[in-house]
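# Summary of structural features
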Amino acid sequence: MKRHVKDFAVLGGSLEFQTPLIVGRPGVLRRDSFLKRVEAILDSGHLTNGGPMVCEFEQRLAEFLGVRHVVAVCNGTAALQVMAVACQLTGEVIVPSMTFIATAHALQWIGLTPVFADIDQRTHTLDPKSVQRCITDRTSAILGVHLWGNPCAIDDLQQIAEQHKLSLLFDASHAFGCSVGTRSVGSFGDAEAFSFHATKIMHSAEGGAIVTNNDDIAERCRLMRNFGITGLTRIESIGINAKMSELSAAAGLTSLESLADVINHNKHNLCEYRLQIDSINGLRVAIPSEDQQLNCQYVVVCVDEAQFGLSRDELLQVLRAEGVFARAYFAPGCHNSPPYAGVSVNCPVLLPVTNQLLDEVIQLPTGSSVKTADIHAVAMLIRAAQKHATILSEHLYQTEPCWHPADPATPMPVTKANAA
Ligand code: T4K
């Protein structure tokens, strides 16, 4: 309990969490189930190149998502790239700036030009009106991102894509297990790309997939992930090594088995956070729409500095020092990062909502390792920080702040006051 300003770890007080709460802690794989699969791989001697584990993983995913084709690849970035090449994109591709840098970099790396459109205040996904303003005669596609698992404005984007004869693709890295009505994310647009990175709700340590109902796109993706090779030596197209290994598929299959439990736990955590946080003046848990099935992988909180008393970055510093390793994804935004910052072809329109959200959102830890009592402790910390906001803020700028000893974000060790 932080009664006085000096009790805060950032000013040398004792830590609230010795073992930090983390955003993106990988879900634990059921060990016996995973090891059984690893034994089967070792017995078969088939480690990669289209082995039975990858085939089974693709089949299970296709059933789960209700789609015709799943093409498993080595990571989400490769999924975006193979999908873009298979869809024969050229020139400019409209994307949001508030996303992991991989969305933009994946395109730029293969010679396409990401063009940043603004996003919607409520869903944090592409604003169709802004997308319209970004279309030029060089545009070949719209690539929406279902940020935090919130599905994009699919119907509106579909209409724009049809009107301008553009491909419609989605970066669904955050949205495995989410759906709109009865349709799963993965079944929209021409194709969607997933990441199964360790930090994702369903993971294969490293991995990804292109998902589509289009037979031609699927065939090209299959060919391209394996150098464009068919048979023993025949080369049919350009390609790359984007194959998923059998070990990754084993992890993915095992992770898929616990997905329902993980989502239920996350839903409970999100409800608990809402109960605790929404009553704090100046904070609001961002929830898009009650009628969508979301995986609740991210707990996103908007910080109104004027009302709350501390800025998002000050709150982040206070929390991280205590061992609540909150994040400020995806500040400063792709449009403020090299090589896109200040380049007019990448940034043709103003991004007021993007800029505002990049300054004010914070992600709080959730996932299986975060328990209800942790959430109550985090909320109590935040309330105490608000109570002492003015003095805390002054101190933050006057003294060298203390850091949590386990914080990888800072090279500074914990200071004398804290170590004592
Ligand atoms: N599109 C979108 C919208 C994406 O979010 C991503 C990936 C992609 C495309 C590209 O997909 P991939 O090519 O990556 O498959 C992470 C991930 O590296 C990245 O995959 C992810 N998005 C992004 C949102 O988050 P960081 O900067 O959060 O990683 P890091 O190392 O800080 O890990 C987060 C926390 O989890 C840390 O406190 C450490 C902990 N952790 C992490 C790993 C990997 C563990 O405890 N164990 C682990 O194995 O980037």
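Look up a bit, the structure's there.
First, a word on what this report is: a plain description of the structure on this page. (Residues numbered from 1 in each chain as written. Predicted model: local features only at pLDDT ≥ 70, side-chain atom pairs only at ≥ 80, totals over all residues. Heavy atoms only, no water.)

## Thoughts on helix α1 (residues 31–44)
What counts, and what does not: Secondary structure elements follow DSSP: runs of H or I of four or more residues count as helices, runs of E of two or more count as strands, with numbering from the N terminus. Residue count minus one, scaled by 1.5 Å, sets the expected span of a helix. We call a residue buried when its accessible area falls under 20% of the maximum for its residue type, exposed when it is over 50%, and partly exposed in between, using a 1.4 Å probe and counting protein chains only. For this quantity, the arc is that covered by the directions from the helix axis to the C-beta atoms. Contacts are residue-level and defined by heavy atoms, with any inter-residue pair within 4.5 Å sufficient.
Along its 14 residues, α1 runs 20 Å from first to last C-alpha, staying within 8% of the 20 Å computed at 1.5 Å per residue. Within α1, the full set of buried residues consists of Ser33, Arg37, Val38 and Ile41. End-on view of α1: buried residues confined to an arc of 135°, all on one side of the axis. Summarising the geometry of α1, the exposed residues directed more than 90 degrees from the buried face are Arg31, Asp32, Lys36, Leu42 and Asp43. In this structure, the buried residues of α1 make contact with α2 (52–65) and α8 (246–257). Of the residues trailing α1, Gly45 is marked for its positive phi of about 75°.

## Observations concerning the pairing of strand β14 (residues 299–303)
The two faces of the sheet receive side chains in turn, since in a regular strand these alternate between them. Heads up, the condition is: Strand pairing requires that DSSP identify at least two bridges connecting the strands.
Buried residues dominate β14, accounting for 5 of its 5 residues. In the sheet, strand β13 (residues 283–285) pairs with β14 via 3 bridges, with the strands oriented antiparallel. Across the sheet, Leu283 pairs through a bridge with Val303, a residue of β14. Strand direction decides the pairing type here: β14 and strand β16 (residues 361–364), joined by 4 bridges, are antiparallel. Looking at β16, one finds that Val300 is bridged to Gln363.

## Topic: the side chain of Asp374
Counted only if it meets this: In this charge count, Lys and Arg are treated as positive and Asp and Glu as negative; neither His nor the chain ends contribute. The term salt bridge refers to a side-chain nitrogen of Lys or Arg lying within 4 Å of a carboxyl oxygen of Asp or Glu. Distance and chemistry together define a polar contact, namely a pair of N or O atoms within 3.5 Å, with one atom able to donate a hydrogen and the other to accept it when in protein, and with adjacent residues in sequence counting only for side-chain atoms on both sides.
As for its placement among the helices and strands, Asp374 is situated in helix α13 (residues 372–387). Buried and without a salt bridge, Asp374 has Lys371 as its closest oppositely charged side chain, separated by 6.6 Å. Here the side chain of Asp374 touches Lys371 through a polar contact of 2.9 Å, landing on its backbone nitrogen. Apart from residues no more than four positions distant in its own chain, Asp374 is found in contact with Phe17, Leu21 and Ser369.

## So, the pattern of salt bridges
Under the definition given, this model contains 13 salt bridges. For Glu58, the salt bridge is made with Arg225, and the minimal N-O distance between the two is 2.8 Å. Taken as a pair, Glu58 in helix α2 and Arg225 in the loop between α7 (215–224) and β11 (229–230) lie far apart in primary sequence, 167 residues in all. Between Asp278 and Arg274 there is a salt bridge; the shortest N-O distance is 3.9 Å. By relative accessible area, Asp278 is classed as partly exposed at 36%. Here the residues in one salt-bridge network are Glu58, Arg222 and Arg225, joined through shared partners.

## Considering the side chain of Thr125
Within the element layout of this structure, Thr125 appears in the loop between β4 (113–117) and α5 (128–134). For Thr125, a relative accessible area of 1% corresponds to the buried category. Discounting residues that sit within four places of it in the chain, Thr125 has contacts with Ile119, Asp120, Val145, His146, Leu147, Asn150, Pro151, Cys152 and Ala153.

## Topic: the site of the ligand
Put simply, the rule reads: A molecule or strand has a residue near it when one of that residue's heavy atoms lies within 4 Å. Here the Shrake-Rupley method, with its probe set to 1.4 Å, supplies the accessible areas, and only the displayed protein chains count as covering residues. Classes in brief: Ala, Val, Leu, Ile, Met, Phe, Trp, Tyr, Cys and Pro nonpolar; Asp, Glu, Lys and Arg charged; the others, Gly included, polar. Those domain boundaries reflect an automatic or database domain assignment.
Among the 23 residues in the neighbourhood of the ligand, the closest are listed as Thr77, Asp171, His174, Ser195 and Tyr329. About the coverage of the ligand: the protein hides 74% of its 920 Å² of free accessible area. For the shell around the ligand, the secondary-structure elements that each account for two or more residues are α3 (76–86) and α4 (102–109). When the residues that make up the shell around the ligand are grouped by side-chain class, the tally is 7 nonpolar, 12 polar and 4 charged. Of the residues that make up the shell around the ligand, three or more belong to each of domain 1 (5–25 + 259–326 + 365–419) and domain 2 (31–118 + 125–257).

## What about the sheet that holds strand β6 (residues 167–171)?
Counted only if it meets this: Here an axis means a line fitted to C-alpha atoms, over the contact stretch when the element is a helix, while the angle between two N-to-C directions is reported on a 0 to 180 degree scale.
The mixed open sheet is built from 7 strands, whose spatial order is β2-β10-β9-β6-β5-β3-β4. Of all the strands in the sheet, just β2 (69–73) and β4 have a single pairing partner and so form its edges. In this sheet, neighbouring strand axes are inclined to one another by 25° on average, regardless of whether the strands run parallel or antiparallel. Note that strand β3 (residues 92–96) and strand β5 (residues 139–145) share 3 bridges and pair parallel. Looking at the pairing, Glu92 lines up with Thr139 of β5. α2 rests against β2, β9 (191–195) and β10 (208–212) of the sheet, and its axis sits at about 135° to β2. On the sheet, helix α6 (residues 154–164) packs against β5 and β6 and is oriented at approximately 145° with respect to β6.

## Here we look at empty space enclosed by the protein
To be explicit about the condition: Cavities and pockets were defined on a 1 Å grid built over protein atoms only: a cavity is a set of grid points that admits a 1.4 Å probe from which the probe cannot escape, a pocket is an open set flanked by protein on both sides within 12 Å along at least five of seven lines, and lining residues are those with an atom within 4 Å of any such point. Grid points are joined across faces, edges and corners, and a volume is the space filled by probe spheres set on the points.
Applying the stated criterion to the full structure yields 4 cavities of 30 Å³ or more. Size it by volume and the largest cavity reaches roughly 190 Å³. Residue lining of the largest cavity: 16 residues in total, with Arg25, Thr199, Asn266, Gln297 and Gly367 positioned closest to the centre. Counting contributing residues, the lining of the largest cavity receives three or more from each of domain 1 (5–25 + 259–326 + 365–419) and domain 2 (31–118 + 125–257). Reported here for the second largest cavity is a volume of approximately 100 Å³. In terms of lining residues, the second largest cavity is bounded by Trp148, Asn150, Leu270, Ala286, Ile287, Pro288, Leu294, Asn295, Cys296, Tyr298, Val299 and Val300. Taken together, the residues of the lining of the second largest cavity break down into 10 nonpolar, 2 polar and no charged.

## Focus on a nonpolar patch on the surface
Cut-off, in case you're wondering: To count toward a patch, a residue needs a relative accessible area above 30% and no salt bridge. Like charges then connect within 9 Å, nonpolar side chains (Val, Leu, Ile, Met, Phe, Trp, Tyr) within 5 Å.
On the surface, Val85, Trp109, Ile110 and Ile238 cluster together into a nonpolar patch covering about 450 Å² of accessible area. With respect to the helices and strands, the residue Val85 is situated in helix α3.

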